[in-house]
Amino acid sequence: MTTAFDAVVLAGGAARRLGGADKPGVRVGGRTLLDRVLAACAGARRTVVVGDPRPTARPVGWTREERIGTGPVAALAAGITALGDPGVLLALSADLPFLGEGTLLRLLAALDAEPGAEGALLVDGDGREQPLVAAYRGEALRRELDGLRQARGDLDDLPLRALLGGLRLVRVPVGADEPAASFDCDTWEDIAVARTRIRDHGSVLDEWITAVKTELGIDLDVDTGVLLDLARDAAHGVARPAAPLTTFLVGYAAARAAQGGTAPAEAVAEASRRATALALRWEAEQAEQAKQGEQAKQGEQAEKNEAG
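These remarks concern the structure in this document. (Residues numbered from 1 in each chain as written. Predicted model: local features only at pLDDT ≥ 70, side-chain atom pairs only at ≥ 80, totals over all residues. Heavy atoms only, no water.)

Here the focus is the environment of Leu 164. Summarising the element assignment, Leu 164 is placed in helix H5 (residues 160-164). In this structure, the C-alpha to C-alpha distance between Leu 164 and Val 73, residues 91 residues apart in sequence, is 9.9 Å. In contact with Leu 164, other than residues within four places in its own chain, are Leu 121, Pro 131, Tyr 136 and Leu 169. (Helix = DSSP H or I, 4+ residues; strand = E, 2+ residues; numbered from the N terminus. Contact = heavy atoms within 4.5 Å.)

In this structure, Asp 157 is a non-glycine residue whose phi angle is positive, near 60°. Positionally, Asp 157 belongs in the loop between helix H4 (138-152) and H5.

Taken as a whole, this structure holds one aromatic pair when the rule is applied. Relative to Phe 183, the ring of Phe 98 has its centre 5.9 Å away and its plane inclined at 55°; by these criteria the two rings are tilted. With Phe 98 in the loop between strand S6 (88-93) and helix H3 (101-113) and Phe 183 in the loop between strand S9 (169-173) and helix H6 (188-197), the pair connects residues that are 85 residues apart, well separated along the chain. Owing to a relative accessible area of 14%, Phe 98 belongs among the buried residues under this scheme. Above the plane of the ring of Phe 183 lies Arg 197, whose end atom (NZ or CZ) is 5.1 Å from the centre. (Phe/Tyr/Trp six-rings, centres within 6.5 Å; stacked < 30°, edge-to-face > 60°. Buried < 20%, exposed > 50% of the residue type's maximum accessible area, 1.4 Å probe, protein only. Lys NZ or Arg CZ within 6 Å of the ring centre and 35° of its normal.)

So, in structure tokens, the structure goes:
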């Protein structure tokens, strides 16, 4: 599979269907739409966002079209110019709340698997091609852009299909692991759907943990099952308030161990194991004490029965 790639993220549209709101800055699950897309393409060598500069969760380059607001082809051309010489690049819109790295890796792999292909487009569940969830060969895009400039004089207000018509493309169906990868937010109703979907029971914890890691600048694979088991054991074996306090202390201990050279994931696992064992010992003591108390009561009752 192609190991090196760049990314161009288009974030400069007028968002008319959102009443002109700053769409890339709209938050879904506590993160801006733009940051969610930037997280998906974090493996890129270089990332250029075509739009007005703003704070982002990771460093990126910024550029704008020659004439601002002149459409996606002009915006994509500006991004390619800013990159200079992209070999393979991802072209993405900034309004994809459920786009994940897995989908992008599948696109890159599909492009790499077909030497004659010049682009790999995602195809959604309804069969619609997604030219801004796609991987392209930079040389082919530059060829088509140059041809359009020669034919028209500029790239203003062109639809993407004008650029893609001359490319040899492969189509990649949306994956079962990320069925909503192409879901884009054009209206406030779309935003509401996205905000509701991330709170689904099956995904809310993963969404929350990802948001917290992004907010705190943590790059760590967390075994949520281990930590949830630890919190449960601390709550049952000690007291409910012990659950959050224990997980905090485990994190602190893991950080100290990591400073000493232990791999972060191993440090978390070991600290969790030790804290869980301690909580289970506390629970065992409580159970033993309760058993002894019950036996004592039974003995006292037997003595009363004999005396009576």
